[in-house]
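A look at the structure
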2 protein chains.
Amino acid sequence: MKLYDMELSGNCYKVRLLLSLLDVDYEQVAVDLLNGEQKSAEYLAISPKGQVPALDDGGTVINDSQAILVYLAQKLKAEQYWPADAATQAQISYWLFTTANEIAHGPCAARLVKLFGADIDYESATARAYAVFDLMEAHLAEREFLVGSRATLADIAAFPYIALSGDGGLSLADYPNIGRWLARIKALPNFVGMPGVS
Amino acid sequence: MKLYDMELSGNCYKVRLLLSLLDVDYEQVAVDLLNGEQKSAEYLAISPKGQVPALDDGGTVINDSQAILVYLAQKLKAEQYWPADAATQAQISYWLFTTANEIAHGPCAARLVKLFGADIDYESATARAYAVFDLMEAHLAEREFLVGSRATLADIAAFPYIALSGDGGLSLADYPNIGRWLARIKALPNFVGMPGVS
């Protein structure tokens with residue numbers, strides 16, 4: 001299994017985190033985003049959007065970080081993370097789509113501005129970030145994990161850009177439930193960090 | 001099964017479309033978005049984001065249009081739309097996340113500006129819309145549906161806001177492959193339209 005990867009990407013990190021939690025060996029292929037390698041013809045043949053991560057599992061290529069999480073859990077029968085029960089799978093999906101939408105355009109976008117100078121409206125990104133923090137804080141008031149009583153793909157998908165929110169100039173000081181949830185993820189067996197998450 | 005619904009919402013429409021294709025009876029509950037009913041305490045107890053659609057299936061409440069599609073297909077064992085094979089499920093997921101991200105912030109956002117006067121940057125929405133049209137046009141060059149040889153959740157999720165792009169002042173004239181794909185969806189048995197899609 002080959003992961004097209006970039007160390008500082010939270011989207012790549014969520015895949016590395018799941019692979020570590022599931023104790024799966026894989027090969028990392030660094031894509032040089034700072035020099036535009038993701039827009040080369042060779043890489044666009046792997047990832048039509050020119051994005052990392054991408055996964056190549058013996059010729060089966062999967063793009064999109066959340067879709068890669070679904071692929072790995074379904075293929076490796078990691079039922080804790082992605083159960084077949086329709087209601088649970090849909091509740092997890094709700095957080096995967098929240099990650100692809102509100103978290104990508106909130107805390108992730110704010111970090112892209114602060115860390116990489118991305119041309120994104122920082123004020124809108126900040127407003128979206130605190131709105132999704134409010135949503136999660138209320139949701140986690142009586143729950144240890146986002147869905148059910150154990151970590152699922154919902155937690156793995158949402159974790160990186162919440163944990164990295166300081167990079168985007170955002171503060172979680174007023175969000176104690178989120179703080180405890182972050183600590184629970186970090187305490188999972190085989191947890192790995194990344195620069196900014198330890 | 002009860003669907004919290006709004007006639008002009010493409011997100012609600014995609015759920016109505018799947019329910020029709022699967023020939024499922026359900027009750028529609030209109031939510032009065034123009035008068036802010038989605039922000040009432042009563043509705044926020046159903047949908048913490050204050051959004052339509054929401055589905056209540058005998059007390060199991062599912063939010064997010066894409067998550068509702070996953071719920072329905074998984075629960076009703078509609079394997080054509082959401083197969084258990086990991087690679088196929090992940091390829092479909094790729095388009096579900098593309099819908100939650102690029103389509104929501106592209107053609108859907110452009111339509112919100114033009115039809116409802118939403119406070120969203122129209123120029124950015126338009127640029128995102130044509131980028132996702134380009135992606136789909138290339139992808140559909142040698143395919144009849146987005147994944148595999150039959151309609152799946154990928155097509156049902158992406159269809160509404162592509163079909164409604166004229167409402168957002170966007171043109172599909174230069175996208176013949178997308179045009180043929182739209183026609184294929186409209187030809188599915190039990191297809192239903194909505195205002196702007198017939």
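Keep in mind that what you see is a predicted model, and the values were worked out from it rather than measured.

This next bit is on the overall build of chain A. Along chain A, the regular secondary structure elements total 7 helices and 4 strands. The N-to-C order of helical and strand elements in chain A reads β-α-β-α-β-β-α-α-α-α-α. At 16 Å, chain A has a C-alpha radius of gyration in line with the 16 Å of a compact globule built from 198 residues. A principal-axis box enclosing the C-alpha atoms of chain A has dimensions of 45 × 40 × 30 Å. Looking at chain A as a whole, 56% of its 198 residues qualify as buried. The contacts in chain A between residues at least 6 apart in sequence include a share of 66% that link residues at least 24 apart. Counting only carbon and sulfur atoms, one obtains 48% of the accessible surface of chain A, whose full area is about 8300 Å².

Bringing the side chain of Gln66(A) into the picture now. For Gln66(A), the position within the fold is in helix H3 (residues 65–75). On the accessibility criterion, Gln66(A) (4% relative accessible area) is buried. Residues contacting Gln66(A), with those up to four places away along its chain left out, are Lys14(A), Leu96(A), Thr99(A), Ala100(A), Ala157(A) and Phe97(B).

What follows deals with the domain arrangement of chain A. Residue and element names in this part refer to chain A. Each assigned domain of chain A is listed here: domain 1 (2–75) and domain 2 (86–186). A C-alpha centroid distance of 21 Å is found between domain 1 and domain 2. Buried surface at the junction of domain 1 and domain 2, summed over both partners, amounts to about 1100 Å²; 76% is from carbon and sulfur atoms. Joining domain 1 to domain 2, the criterion identifies 0 salt bridges. Seen at the junction of domain 1 and domain 2, the total is 4 residue pairs in polar contact (both at pLDDT 80 or more). Contributions of two or more residues to the side of domain 1 that touches domain 2 are made by helix H1 (10–21) and H3. Element by element, the count of residues in the side of domain 1 that touches domain 2 is highest for H1, at 7 residues. Per-class residue counts for the side of domain 1 that touches domain 2 are 9 nonpolar, 4 polar and 1 charged.

Residue and element names in this part refer to chain A. Examined against the element boundaries, Gln38 turns out to sit in the loop between strand E2 (27–30) and helix H2 (41–44). Gln38 sits in the buried class, given a relative accessible area of 13%. Not counting the four nearest positions on each side in its chain, Gln38 is found in contact with Val31, Asp32, Leu33, Tyr43, Leu44 and Gly50.

Moving on: the interface of chain B and chain A. Of the residues lining the interface, 32 residues belong to chain B; the matching set on chain A comes to 32 residues. Together chain B and chain A conceal approximately 2600 Å² of surface at their shared face, both sides included; 64% is due to carbon and sulfur atoms. Of all residues in chain B, Lys49(B), Tyr94(B) and Phe97(B) give up the largest surface area on contact with chain A, accounting jointly for 25% of the area buried on that side. Across the contact surface, chain B and chain A share 2 salt bridges.

Between chain B and chain A, the superposition needs a rotation of 180° and an axial shift of 0.0 Å, giving an RMSD of 0.0 Å. In short, the pair behaves as if placed about a two-fold rotation axis. Identified as the residue of chain B closest to the rotation axis by C-alpha distance is Asn101(B), at 2.5 Å.

Here the focus is the packing of aromatic side chains. Scanning all chains against the criterion turns up 17 aromatic pairs over all chains. Ring geometry for Tyr94(B) and Trp95(B): centres 5.1 Å apart, planes at 85°, overall edge-to-face. One exposure class covers both Tyr94(B) and Trp95(B), and it is buried. Here the basic side chain of Lys114(A) rests over the ring of Tyr122(A), its NZ or CZ set 4.7 Å away from the ring centre.

The next thing to look at is unusual backbone geometry. Residue and element names in this part refer to chain A. Cis geometry marks the peptide bond from Val52 to Pro53, where omega comes out at -5°. Note that Pro53 resides in the loop between H2 and strand E3 (54–57). Look at Asp23: it is not a glycine, yet its phi comes out positive at around 60°. Within the secondary structure, Asp23 sits in the loop between H1 and E2. Relative accessible area serves as the criterion here: at 63%, Asp23 is assigned to the exposed category. Despite not being glycine, Lys77 shows a phi value in the positive range, around 50°. Following the sequence through the fold, Lys77 ends up in the loop between H3 and helix H4 (86–116).

On to the sheet that holds strand E2 (residues 27–30) of chain B. All names here are of chain B. The strand order across the open sheet formed by 4 strands is E2-E1-E3-E4, and the pairing between neighbours is mixed. The two strands at the open ends of the sheet, each matched to only one other strand, are E2 and strand E4 (60–63). Recorded for the sheet is a direction-independent mean angle of 20° between the axes of neighbouring strands. As paired elements, strand E3 (residues 54–57) and E4 share 4 bridges and run antiparallel to each other. When the bridges of E4 are listed, Asp57 appears paired with Thr60. Contacts from helix H3 (residues 65–75) reach E3 and E4 within the one sheet, and its direction differs from that of E4 by about 135°.

All names here are of chain B. Within the sequence span of helix H7 (residues 176–186), burial applies to Asn177, Ile178, Trp181, Leu182 and Ile185. End-on, the buried residues of H7 take up no more than an arc of 140°, which puts them together on one face. On its buried side, H7 packs onto helix H5 (122–139) and helix H6 (153–163).

So, how was this worked out
- Residues numbered from 1 in each chain as written.
- Chains lettered and ligands numbered in written order.
- Predicted model: local features only at pLDDT ≥ 70, side-chain atom pairs only at ≥ 80, totals over all residues.
- Heavy atoms only, no water.
- Helix = DSSP H or I, 4+ residues; strand = E, 2+ residues; numbered from the N terminus.
- Rg over C-alpha atoms; globule rule 2.2 N^0.38 Å.
- Buried < 20%, exposed > 50% of the residue type's maximum accessible area, 1.4 Å probe, protein only.
- Contact = heavy atoms within 4.5 Å.
- Areas by Shrake-Rupley, 256 points an atom, 1.4 Å probe, with all protein chains shown as cover.
- Domains from an automatic or database assignment.
- Buried area = accessible area lost by both parts, 1.4 Å probe.
- Salt bridge = Lys/Arg side-chain N within 4 Å of Asp/Glu carboxyl O.
- Polar contact = N/O pair within 3.5 Å; in protein donor to acceptor, adjacent residues only side chain to side chain.
- Nonpolar A, V, L, I, M, F, W, Y, C, P; charged D, E, K, R; others polar.
- Least-squares fit on C-alpha atoms with pLDDT ≥ 70 in both.
- Phe/Tyr/Trp six-rings, centres within 6.5 Å; stacked < 30°, edge-to-face > 60°.
- Lys NZ or Arg CZ within 6 Å of the ring centre and 35° of its normal.
- Pairing = 2+ DSSP bridges.
- Axes fitted to C-alpha atoms, helices over the stretch in contact; angles between N-to-C directions.
- Arc of directions from axis to C-beta.

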